[in-house]
Amino acid sequence: MTDPIITIRGLTNRFGKTVVHQGLDLDVMRGEVLGVVGASGSGKSVLLRTIVGLQHPAEGTIDVLGTDVLTADAAHLRNVQNRWGVMFQDGALFSSLTVRENVAAPMRERLGIDAETRRALADLRIAMVGLPASAGDLSPSDLSGGMRKRAGLARALSLDPEILFLDEPTAGLDPIGASEFDALITALQKALGLTVFLVTHDLDTLHATCDRIAVLAEKKVLVTGTMAEMLRVDQPWVHAYFHGPRAHAAQPPAGGN
Amino acid sequence: MTAGAVAPEPLALQGPVTLASLGDTRAFLESHPDGRALDLSGVTMLDTAGAWLLTSWQAGKGGTLTGANAAQTLLLETVTEALASAVPAPKPRPVHHQAGDTLAETGKAVSQVAVGLGESLGFLGLVMARLGWTILHPTRLRLTALVHHMHQAGLNAVPIVALMGFLIGVVLAFQGASQLQQFGAEVFVVDLIAISILRELGILLTAIIVAGRSASAFTAAIGSMKMREEIDAMRVLGLDPIELLVLPRVLALVLMLPVLGFIANISGLVGGGLMAWAELGISPGMFRTQLLNNTDVSHLLIGLIKAPVFAMIIGVVGCHQGMQVKGDTESLGSRTSRSVVVAIFLVIVVDALFSIFFALWGI
Ligand SMILES: Nc1ncnc2c1ncn2[C@@H]1O[C@H](COP(=O)(O)OP(=O)(O)O)[C@@H](O)[C@H]1O
Ligand SMILES: [Mg+2]
């Protein structure tokens, strides 16, 4: 599993005079869980938004599943969009639809599947992310934060994507909920063979789920590597991040993966 | 899973079994009799939708699945587990129309209207109480916010209100002229214009325009704050949303609507005067003399005295609808449109009540 599924070269993102990324390079390999970490405001969300086409970069190329997403025509782009799922920070559920309709919405829009099957598949996704069956009929505003995240994940999984983008999936969850979410992502990743691009702040999540970690600092991807390799990096921010008081608490007793 | 001792030859499923090929796979499964073993060794791709189809086929028709590789087995197990935990949600019961449904709905609607009316009255009372309190403690008034809303709801509405008044004056003069000319009573077009604009139309139409502009703006602004829990944040900080958000808006309208109404009156008279001059040859000097001699100043006062009441209605309805927005975007939209409809409706109702009142008093 070493062929890159996402290749980013020379990416530059600017907002007015603020340069968020400059000459950023990153490879995401097929079937891996890549954790992206970095200080607040270092541009993790902007990187994710750029890859999925919500933000047009000033320079650079982005290749996803063999398609240059910045220059591809609408038909090619749609084909790639059907093969990835995105979960936003707070779920970003459509508030006028029920949870089931939210999960079924991508199937309805993209593929002509009959209503009965859509409903059954949506219920399956809802069950797979660990939501009770009764949640399907609720509207997003009736859900708790953790349930909204699960529902967001169910919608992201709706088209059986090959790549899953997650923006801080465990932020704001209680520790039990967060570790359940970690286990869920690992289980789904194993079962579906997903590639996961995971933006997170949560060291426990990094330990529990990630095969590789990319550190975003100084406007680029500073280092990538396994958890064990991260612990040996000397760069001050990386050192502080992986050796801080919270880092020690999060170390699993057996060491890295 | 191993290919056990299965009597008939196992069916061989080939190629991808995914969401995209769901229809083909289903057709394949349905074209074969029940209870057979299914060989998955030829399956190149399997996703959750495919796994769902296979496991439901297995459960429903009593078949067995063989030849899946490790990853596919894991996926099938995951889906089976999820399906087991998913108690099928009860299907929505088909609703039959029953005798008495309409009656029950009518009753519900009436009681809802009554509850809504009661709540609005409560809110009006709350705003009045805070207003009184603020009058006693003028330093607590948010002056910056007040001036900001006077600018937004008042000053920015001047062009549209002036234009509207001017055109109403033109239309009245034109219509009045063609009728009054038949009796040779052209000069009374001045009275027609002056009384109808000063007493009724100037202020009523201004209020309707302001309701459309500002009631919706108030609802949208306060409603989106409500959605993002800003109102709750204010409450836990010990800040009073009525004092901070509602009073400046309502007060700004109460102060500005009479001014806007006055502007509409003046531009209406100008428009009517110009039209009377062009159409009937009534010179501006004649218009002025006729206006001053025949039209009592009470008409202007009767018009303007309604303005603060209309302003109160518009402001309170707009803010109250905003406060009732729930967590979803749908309710923001419906509340915004409702606030405009309710505000205009109430303005017209109250205008009618004023007319009756003034008629009874004989002014
Ligand atoms: N739409 C935008 N307009 C201007 N600046 C933005 C925009 N989106 C993000 N930024 C800036 O880009 C930087 C990175 O933001 P973000 O990617 O959200 O950080 P994080 O790594 O915490 O997710 C921040 O400094 C932010 O202010
Ligand atoms: Mg972010």
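Along every chain, residues carry numbers that run from 1 in the direction the sequence is written. Here every chain gets a letter starting at A, and every ligand a number starting at 1, in the order they are written. In keeping with the predicted nature of the model, local features appear solely for residues at pLDDT of at least 70, side-chain atom pairs appear and are counted solely at 80 or more, and the whole-chain, interface and lining totals rest on all residues. Just so you know, side-chain values use all the structure's heavy atoms and leave hydrogens and water out.

1. Considering unusual backbone geometry
Residue and element names in this part refer to chain A. Note the cut-off: For helices the rule is a DSSP run of H or I covering at least 4 residues; for strands it is a run of E covering at least 2, with both sets numbered from the N terminus onward.
Even without a glycine there, the phi angle at Leu-65 is positive, about 50°. One non-glycine residue, Glu-218, adopts positive backbone phi at about 55°. With respect to the secondary-structure elements, Glu-218 resides in the loop between strand 9 (212-217) and strand 10 (220-225).

2. With respect to helix 9 (residues 241-280) of chain B
Note: α-helices contain 3.6 residues per turn, so residues at a spacing of three or four share the same orientation. Residue and element names in this part refer to chain B. How we decide: A helix is expected to span 1.5 Å multiplied by its residue count minus one. What is called the bend at a residue is the angle between a pair of axes, fitted to the seven residues leading up to and ending at it and to the seven starting from it. Classification of residues uses two cut-offs on accessible area relative to the type maximum, computed with a 1.4 Å probe and protein chains only: under 20% is buried, over 50% is exposed, and between them is partly exposed. Within 3.5 Å is the distance limit for a polar contact, defined as a pair of N or O atoms, with the added protein rule that one can donate a hydrogen and the other accept it, and that residues adjacent in sequence qualify only through two side-chain atoms.
Over its 40 residues, helix 9 extends 55 Å from the first C-alpha to the last, a length consistent with the 58 Å expected when each residue adds 1.5 Å. A maximum bend of about 35° is found in helix 9 at Leu-247, where proline Pro-248 lies one to four positions downstream. Counting buried positions over the 40 residues of helix 9 gives 28, a clear majority of the element. Where helix 9 begins, the capping side chain belongs to Asp-240, and its oxygen is found 3.1 Å from the backbone nitrogen of Ile-242.

3. Here we look at the sheet that holds strand 5 (residues 67-68) of chain A
All names here are of chain A. What counts here: Any two strands with at least two DSSP-identified bridges between them are counted as paired. Residue contacts are defined here by distance: any two heavy atoms, one from each residue, within 4.5 Å place the two residues in contact. Note on definitions: angles span 0 to 180 degrees between N-to-C directions of axes, and those axes are lines fitted to C-alpha atoms, for helices only across the stretch in contact.
Overall, antiparallel pairing links the 4 strands, which are arranged 2-1-4-5 in an open sheet. Single-partner strands in this sheet number two, and they are strand 2 (18-29) and strand 5. Where strand 4 (residues 59-64) meets strand 5, 2 bridges bridge the pair, whose relative direction is antiparallel. Note that in strand 5 the partner of Val-64 across the bridge is Thr-67. Across the face of the sheet, helix 1 (residues 44-51) comes into contact with strand 1 (4-15), strand 2 and strand 4 while running at roughly 120° to strand 1.

4. So, the site of ligand 1
All names here are of chain A. Cut-off, in case you're wondering: One heavy atom within 4 Å of a molecule or strand is enough for the residue carrying it to be called near that molecule or strand. In this description, accessible areas are obtained by the Shrake-Rupley approach with a 1.4 Å probe, and a residue is regarded as covered only by the protein chains that are shown. By the convention adopted, Pro, Cys, Tyr, Trp, Phe, Met, Ile, Leu, Val and Ala count as nonpolar, Lys, Arg, Asp and Glu as charged, and the other residues, Gly among them, as polar.
Around ligand 1, a shell composed of Phe-15, Val-20, Ala-39, Ser-40, Gly-41, Ser-42, Gly-43, Lys-44, Ser-45 and Val-46 is seen. Contact distances for ligand 1 include 3.0 Å between an oxygen atom and a backbone N or O atom of Gly-43. A distance of 2.8 Å separates an oxygen atom of ligand 1 from a polar backbone atom of Lys-44. Taken by itself ligand 1 offers 560 Å² of open surface, and the protein chains cover 54% of this. In terms of residue count, the dominant contributor to the shell around ligand 1 is helix 1 (3 residues). For the shell around ligand 1, a count of residues per class yields 4 nonpolar, 5 polar and 1 charged.

5. Some remarks on the sheet that holds strand 1 (residues 11-17) of chain B
Residues and elements named next belong to chain B. Reading across from one edge, 1-2-3 is the order of the 3 strands in this open sheet, with parallel pairing throughout. On the outer flanks of this sheet lie strand 1 and strand 3 (64-66), each paired with one strand and no other. Neighbour to neighbour, the strand axes of the sheet diverge by 35° on average, direction disregarded. Seen against the sheet, helix 2 (residues 48-61) touches strand 1, strand 2 (37-46) and strand 3 and runs at an angle of roughly 170° to strand 2. Against the sheet, helix 3 (residues 70-85) touches strand 2 and strand 3, its axis set at about 105° to strand 2.

6. A word on the interface of chain B and chain A
Interface size is often expressed as the accessible area that is lost when the parts come together. Selection criterion: Once two parts are joined, some of their accessible surface, as seen by a 1.4 Å probe, is lost; buried area is that loss totalled over both. When a carboxyl oxygen of Asp or Glu is within 4 Å of a side-chain nitrogen of Lys or Arg, the pair counts as a salt bridge.
Taken together, the 25 residues of chain B in the interface contact 25 residues of chain A. Note on chain B versus chain A: buried area summed over both sides is about 1,900 Å², and carbon and sulfur give 69% of it. In this assembly, chain B and chain A are joined by 1 salt bridge. At the junction of chain B with chain A, the criterion picks out 4 residue pairs in polar contact (both at pLDDT 80 or more). Residue assignment for the side of chain B that touches chain A shows that the elements contributing at least two residues are helix 1 (22-30), helix 2, helix 3 and helix 12 (329-361) of chain B. When its residues are assigned to classes, the side of chain B that touches chain A shows 15 nonpolar, 5 polar and 5 charged.

7. A few points about helix 5 (residues 143-154) of chain B
Residue and element names in this part refer to chain B. Selection criterion: The arc in question is traced by the directions running from the helix axis to the C-beta atoms.
Taking 1.5 Å as the rise per residue, helix 5 with 12 residues should run 16 Å; its terminal C-alpha atoms sit 15 Å apart, in good agreement. All of the buried residues in helix 5 are Leu-146, His-149, Ala-153 and Gly-154. Relative to the axis of helix 5, the buried residues are bounded by an arc of 100° and lie together on one face. Looking at the packing, one finds that the buried side of helix 5 touches helix 6 (158-180), helix 7 (189-227) and helix 9.

8. Some words on the UniProt feature "transmembrane region" (unreviewed entry) in chain B
Residue and element names in this part refer to chain B. This is how the line gets drawn: UniProt positions are given in the numbering used here, feature names are shortened, and annotations may be inferred rather than shown by experiment.
Per the UniProt entry, the sites bearing "transmembrane region" (unreviewed entry) are residues 113-133, 153-174, 244-277, 297-319 and 340-361 in this numbering. What you have in residues 113-133 is 100% helix and 0% strand, and the ends, taken at the C-alpha atoms, are 30 Å apart. Helix makes up 100% of residues 244-277 and strand 0%, whereas the separation of the span's terminal C-alpha atoms amounts to 50 Å.

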